[in-house]
Structures are given as structure tokens and as C-alpha cells.
Amino acid sequence: MAMASTSAAVVLQGLSTPFLSGSRTLLNATIGGRSSAASSRRLIVVAAAAPKKSWLPGVKAGGNLVDPEWLDGSLPGDYGFDPLGLGKDPAFLKWYREAELIHGRWAMAAVVGIFVGQAWSGVPWFEAGADPGAIAPFSFGTLLGTQLLLMGWVESKRWVDFFNPDSQSVEWATPWSRTAENFANATGEQGYPGGKFFDPLGLAGTIKDGEYVPDFEKLERLKLAEIKHARIAMLAMLIFYFEAGQGKTPLGALGL
């Protein structure tokens, strides 16, 4: 009995490219089989998993202090920094990431507001609350009431949506029913709703036939950039607090 011979050729391209450093690379392998009847080809795609990043890349030892086993590198900006073990419980890890993301976003807004507010009015940021009229035409009571109402409504919706995803995109949960779909999570990822309302510039998606279509490749890059900027902003706010304790301002520290 004669059997058809089979030859397989696997071609690896880019052995000196980012494939060896852990980025995802497609390996094209063409397996050609010859027989008396027909010939067939297959395309096998293999994705190399990215290695875990470390906040101390030069240190290989250290156990969970340097390389905690409960962090797998899947979160944006995960460099294995959790010396207190706060993320051992997956449920707590999800909550801490949500808290980090929200605090970071507020910190980024605060840093811009501190610089712009003082440059506009000349009033130090830590004294602006005592005299809000110097910056904006609002009294302290109006400013406080508006902030409590708006932030209370938005934060309560975010809180409920965290424990019950997509529960806030229904008509009864919004004050205007015709735009209820704008509050839906267009990406399916917690903390990154996207959509026409939360991504009006289309930075992480496009609008096709009136529907928002997320671009997950762009989204992943923006998630990493955001968390890095958020952490820097939180550190900046910590420095601002120390400066305020000495009666100094960020612009004053810069000699402006």
C-alpha cells in the first residue's frame, strides 16, 4: 500500500523583533499536504503571551513583594506593585482598580483646574473655596449645592452600575428617556463605557450608521496612557497638598 507523503514547512519571521520581548506576533505556518486527490493548505495563528512586567525589573527575587502571584499583568498599567496585598481577593482587586481609575480622572481634572484657576484669578487653589466669586460668578452655597446634586447623581449611578452592570442604561434610570442608550456600555468593559456620549470625539471608536463601534486596539492603548497619566496626576496632587501646607502654590513653586 502506498501512502501519500506529507511535508510541512513552518516559517518564523521576526526572531529579532518584538516577538522575543513578549509582544503579540502572528506566526504563519503553512502546512501543505499532497495526495493523488487534492492539495490543501491551512493557516495556523499562534499568539505569544506577553510576560508580566515588574516595577523592579532589575530584581528577580523578592517573592510576592516584587512579583505578586495574584497579579497576572492583564490590567492596564499592571507592573506588579501591590506590597500590601490589597488585590489578593479578585473582587477587591476589581474595586481597587475602579477606585484608582476614578480618583485618577478627578486628579487629572483637578491639576488642570488648579493651574488654570490660579492663572485666571490669582487666587491660590486652597483659598478658592472661601471666595468662589473670585473665580466664577457663584456663591459658596450655589457651588456646593450644584456640586452635591450633579456629583451625587452621577456617582450614585456609577456605584449602582459597578455592582449591576448595564443597569443604568434603561429609560427609567435617566432623566431623559430618549438618550438612555447613551449611557450603555458600548465597549463591554467596566469603567470604559465609550459610546457617543462618553467618547464624542471617537478616540476609541467610530460611528457607523449612527452606531458607535469600539476600536479595541485603540482602546487598549488609551487605557494604558490614561492610567499612567492618572497616577502622575495623583502624585502631583499629593505634592500640591504638601506645598499648600507651607502656604505655597504650584505656580509659585515654578516662579510664575
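Since we're looking at a predicted model, the values are computed, not measured.

**Considering the overall build of the protein chain**
What the protein chain contains, in helices and strands, is five helices and five strands. Beginning at the N terminus, the succession of helices and strands in the protein chain can be written as β-β-β-α-α-α-β-β-α-α. Classification of the 256 residues of the protein chain by burial places 25% in the buried group. Residue pairs in contact within the protein chain that sit at least 24 positions apart in sequence constitute 44% of those at least 6 positions apart. In the form shown here, the protein chain has an accessible surface area of approximately 17,900 Å², with 64% of it arising from carbon and sulfur atoms.

**Re the nonpolar core**
Of all hydrophobic cores here, the largest spans seven residues; its members are Ala 107, Val 111, Ile 114, Ala 233, Ala 236, Met 237 and Phe 240. Going through the elements one at a time, α1 (90–121) and α4 (216–245) are the ones with two or more residues in this core. The element best represented in this core is α4, accounting for four residues. Ignoring sequence-local partners within four residues, the contact set of Ile 114 consists of Trp 125, Met 237, Phe 240 and Pro 250. Judged by nonpolar contacts, the second largest core, of six residues, contains Ala 204, Tyr 212, Leu 219 and Ile 227.

**Structural notes on a nonpolar patch on the surface**
On the surface, Trp 55, Leu 56, Val 59, Leu 65 and Phe 81 cluster together into a nonpolar patch covering about 440 Å² of accessible area. Relative to the helices and strands, Leu 56 is located in the loop between β3 (39–44) and α1.

**As for the packing of aromatic side chains**
Following the criterion strictly, the structure yields 10 aromatic pairs and no others. When the centroid spacing of 6.2 Å and the interplanar angle of 25 degrees are considered together, the rings of Trp 95 and Phe 163 count as stacked. One end of the pair, Trp 95, is in helix α1; the other, Phe 163, is in helix α2 (residues 140–163), and 68 residues separate them in sequence. Ring-pair connections join several aromatic residues into one group, and the members of that group are Trp 95, Trp 159, Phe 162 and Phe 163.

**Let's talk about α1**
The end-to-end C-alpha distance of α1 is 46 Å, a good match for the 46 Å that 32 residues give at a rise of 1.5 Å each. Every buried residue belonging to α1 is among Arg 97, Glu 98, Leu 101, Ile 102, Gly 104, Ala 107, Val 111, Ile 114, Gly 117 and Gln 118, and all of these are buried. Looking at the packing, one finds that the buried side of α1 touches α2, α4 and α5 (250–253). One side-chain oxygen at the N-terminal end of α1 lies 2.9 Å from the backbone nitrogen of Ala 91; it belongs to Asp 89. Where α1 ends, the next residue or the one after it, Gly 122, has phi of about 80 degrees, a positive value.

**Digging into the UniProt feature "binding site: chlorophyll a 1" (unreviewed entry) in the protein chain**
UniProt feature "binding site: chlorophyll a 1" (unreviewed entry): in the numbering of this structure it lies at Glu 100, His 103, Glu 226 and Arg 231. For this annotated set, covering 132 residues, all C-alpha atoms fall within 11.9 Å of each other, a compact arrangement in space. In this structure, the largest pocket is lined, among the annotated residues mentioned, by Glu 226. With respect to the helices, strands and loops of the structure, Glu 100 is situated in helix α1. Residues in contact with Glu 100, not counting those within four places in the same chain, are Ile 227, Arg 231 and Met 234. With respect to the element layout, Arg 231 can be found in helix α4. If sequence neighbours within four positions are ignored, Arg 231 has contacts with Pro 76, Gly 77, Tyr 79, Arg 97 and Glu 100.

**Structural notes on the UniProt feature "binding site: chlorophyll a 2" (unreviewed entry) in the protein chain**
Here the UniProt-annotated "binding site: chlorophyll a 2" (unreviewed entry) positions come out as Arg 105. By the secondary structure assignment, Arg 105 is in helix α1. Judged by relative accessible area, Arg 105 falls into the partly exposed class, the value being 28%. Ignoring sequence-local partners within four residues, the contact set of Arg 105 consists of Gly 191, Tyr 192, Glu 226 and Ala 230.

**Brief notes about the side chain of Lys 223**
Within the secondary structure, Lys 223 sits in helix α4. Judged by its relative accessible area of 6%, Lys 223 is buried. Lys 223 has contacts with Pro 76, Glu 189 and Tyr 192, leaving out every residue within four places of it along the chain.

Calculation rules
Residues numbered from 1 in each chain as written. Predicted model: local features only at pLDDT ≥ 70, side-chain atom pairs only at ≥ 80, totals over all residues. Heavy atoms only, no water. Helix = DSSP H or I, 4+ residues; strand = E, 2+ residues; numbered from the N terminus. Buried < 20%, exposed > 50% of the residue type's maximum accessible area, 1.4 Å probe, protein only. Contact = heavy atoms within 4.5 Å. Areas by Shrake-Rupley, 256 points an atom, 1.4 Å probe, with all protein chains shown as cover. Core = buried A, V, L, I, M, F, W, Y, C linked by side-chain atoms within 4.5 Å. Patch = residues over 30% accessible without salt bridge, like charges linked within 9 Å, V, L, I, M, F, W, Y side chains within 5 Å. Salt bridge = Lys/Arg side-chain N within 4 Å of Asp/Glu carboxyl O. Phe/Tyr/Trp six-rings, centres within 6.5 Å; stacked < 30°, edge-to-face > 60°. Expected span 1.5 Å × (residues − 1). Polar contact = N/O pair within 3.5 Å; in protein donor to acceptor, adjacent residues only side chain to side chain. UniProt positions renumbered as here; feature names shortened; annotations may be inferred. 1 Å grid on protein atoms, 1.4 Å probe; cavity = no way out; pocket = protein on both sides within 12 Å on 5 of 7 lines; lining within 4 Å.

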